[in-house]
Structure formats: structure tokens, C-alpha cells
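Residue-level structure breakdown
Given next are the chains, with one letter for each unit.
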Amino acid sequence: MGAGRYAPSPSGELHLGNLRTALLAWLFARSTRRSFLLRVEDLDRARAGAEAVQLADLRAIGLDWDGPVVRQTERADGFGAAIAALQEAGLLYECFCTRRDIAEAPSAPHAAPGAYPGTCRNLTETERSARRAERPAALRLRTDIDRFTVTDVLQGDYTGVVDDFVVVRNDGVPAYNLAVVVDDALQGIDQVVRGDDLLPSTPRQAHLATVLAGLGAVPAAGTDSAVPQYAHVPLVLNAEGRRLAKRDGSVTLARLRDDGVGALRVRSVLLESVGLPGGSLAEALEAFDRALLPREPWVFTGFPAPTGGMQ
């Protein structure tokens, strides 16, 4: 059996939505006898000290993981090999567009809404040389499809846009869509549980996983497919129906602790929000059935009064 994972970005403290997703990722992995891995996605927006706080919070709600914590900034060799394979296959091209350029460019005929219009796809070498003098280039994947369908265990079949998306940013840093695919493949991750706000980007990632596996640049995620099993879980929303964020107040373990709500009480409420018993992780794991998980967001309006003395 393969592995599942939780992959936070160390940009600050985890809030209730992040912790709920982490619990679900752990439950999915442990219930299917997969390993559970922890990967810190620190290529961008890393904040000093955030990783240590996040790991402490995950431990405080009782989560454990297999093997050492992996950090993306330590995995340049894997990203470089994948990029080299794509370049050798002629599947990358330089793009000099700014976000404003893309927003103001006319869409290509029959292109899906929001797709990259292909502005730099067929530049001549003379044109590329001139543009290099103006700004550094990003690298985009040259795709031959415009849509890709993934099957999600909670969301069903989902078909989304696949355009010529960026795989290396113009500062030379691997883009998220490349890094996450390469890391999952090299770590043997064949189960990806994450928030459903990431579902729209999943067809791009699944297509890239298929391309890289076809080139032999990364191992396939499973025996039958290069694409991992996906489960995109509903988000936590605030009382106004917006995605929960730290600006909503007491939604991190530290702030809740200041309000007299302990980590085990937080875990209990999060487990109950997905229909599981909140007494212990062992009880939740025994009762876990992915078919019974809610498909709608959880609206957080505050913590109910504790019962049984749990803090």
C-alpha cells in the first residue's frame, strides 16, 4: 500500500480549517493502512518559526506521521530532473507575460475561460531574445489538451481546464503545480486529501503526473495509474459564509487556548463536525467511513460549551 500526506505551507499558524483537513488526511490514510507523511511546502511564503508551531499544533491534536518531515526546499534534485525531462521532450517554452498581459490578451478561439491564451507559445528565437532583455522568462508546459477529468472519492468526476500552465516561475523557483506532482510521485503518495478549494487545479496536476510518468521522469502513483486517488474535503466557513481565516479571531490553537479551549476540545469538535465521535482518535478511526463524510462546508460560529470536563 502507498501513502497519504498532509502538506502545509509554513506561512503562519494553522487555523481550524487546516486542522480539520489534517485530521481527515490522517483518518483516510490510517483507515486504508497507508503510511501518513508530512511535507512542509516551503518554496514560497515561508515565515520564520511557522513550521515549528504548525508541527506542535498537529502533535497537540494527537496526529502522528511516518518517517521524517520532508521540506520542499530540500528537494531541488527531484524538481530539476523533472524539468530537464520536460525540456528534453520539447514540452516547455519560455513565457514573458505579466499577469496584466494575460488579463488583457484576447482569448484563443474555443479556449476555456481563464485559460492561458498562448501568447508566447510560438515566439521566434529572435522574439524570445528581445523579450529576455526586458524580463526573465517563466517556463510553461506545452499541452495538447484543454481539459482533463479526475475522479474524486467525495466529489465524483470533475473535468477542469488544462492550459499551458507555468511549471517554473520567472524567478527560477518551481511552481506549485510542478512541485506538488513531483513530490507526491517521488514520495510514493497515492492518496491526496486536501481542501476542495484546490479541486480546480487538480486536472492540471493530474495531466502533468501522467506526462512525467510517461517520460519516466517520476514513478507512477499506483499500479494502474500515474494519478493519485483524490479526496477534496469541504472547507470551514465563517458565519458570513466566507472561507475561514485567521482574521476571524479565535480560530488557531494559540488563540483558543487563550480563551480556555484546549487542543483536545478543539479536536473533539472538529471530529464531530464530520460526523465522528470526538472522544479519541482511536474511536474516530474505528467509526471512519468516507462514504458518510459531509459534502457541504462546515460553518464555524464558535465553540459550544464543553461537556464532561474536556478543555
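Details of the structure are given in the entry above.
Predicted model only: the values in this text are computed from it and were never measured.

Next up on the list: the overall build of the protein chain. Assigned secondary structure in the protein chain consists of 10 helices and 12 strands. What you see for the protein chain is a C-alpha radius of gyration of 21 Å, in line with the 19 Å of a compact globule of 311 residues. Its C-alpha atoms give the protein chain principal-axis dimensions of about 75 × 40 × 35 Å. By residue count, 48% of the 311 residues in the protein chain fall in the buried class. For the protein chain, contacts bridging at least 24 residues in sequence account for 78% of all contacts bridging at least 6. Carbon together with sulfur atoms contributes 50% to the accessible area of the protein chain, which is approximately 14600 Å² in total. Seen as two clouds, the 34 positive and the 39 negative side-chain charges of the protein chain have centres 2 Å apart.

For the structure shown, the criterion picks out 21 salt bridges. The shortest N-O distance in the salt bridge between R39 and D183 comes to 3.7 Å. Pair noted here: R39 is in strand β2 (residues 35-40) and D183 is in helix α6 (residues 176-186), with a separation of 144 residues, a long-range link. Neither residue differs from the other here; R39 and D183 are each classed as buried. Between R100 and E104 there is a salt bridge, and its shortest N-O distance comes to 3.0 Å.

Burial of strand β9 (residues 189-195) is extensive: seven of the seven residues sit out of reach of the surface. Bridge analysis of strand β1 (residues 3-6) against β9 gives three bridges, and the strand direction is parallel. Residue pairing in the sheet places R5 in a bridge with V192 of β9. Pairing analysis gives five bridges linking β9 to strand β10 (residues 229-233), with the strands arranged parallel. Each residue of the ladder has a partner; that of Q191, found in β10, is Q229.

What follows concerns α6. Burial within α6 is extensive, with nine of its 11 residues counted as buried. Those residues of α6 that sit buried are N177, L178, A179, V180, V181, V182, D183, D184 and A185. Tucked inside the fold, the buried residues of α6 contact β1, β2, α3 (76-88), β8 (166-168), β9 and α7 (202-215). Residue G188 follows α6 closely and has a positive phi angle near 70°.

Criteria and cut-off values
Residues numbered from 1 in each chain as written. Predicted model: local features only at pLDDT ≥ 70, side-chain atom pairs only at ≥ 80, totals over all residues. Heavy atoms only, no water. Helix = DSSP H or I, 4+ residues; strand = E, 2+ residues; numbered from the N terminus. Rg over C-alpha atoms; globule rule 2.2 N^0.38 Å. Buried < 20%, exposed > 50% of the residue type's maximum accessible area, 1.4 Å probe, protein only. Contact = heavy atoms within 4.5 Å. Areas by Shrake-Rupley, 256 points an atom, 1.4 Å probe, with all protein chains shown as cover. Lys, Arg positive; Asp, Glu negative; His and termini not counted. Charge placed at Lys NZ, Arg CZ, Asp CG, Glu CD. Salt bridge = Lys/Arg side-chain N within 4 Å of Asp/Glu carboxyl O. Pairing = 2+ DSSP bridges.

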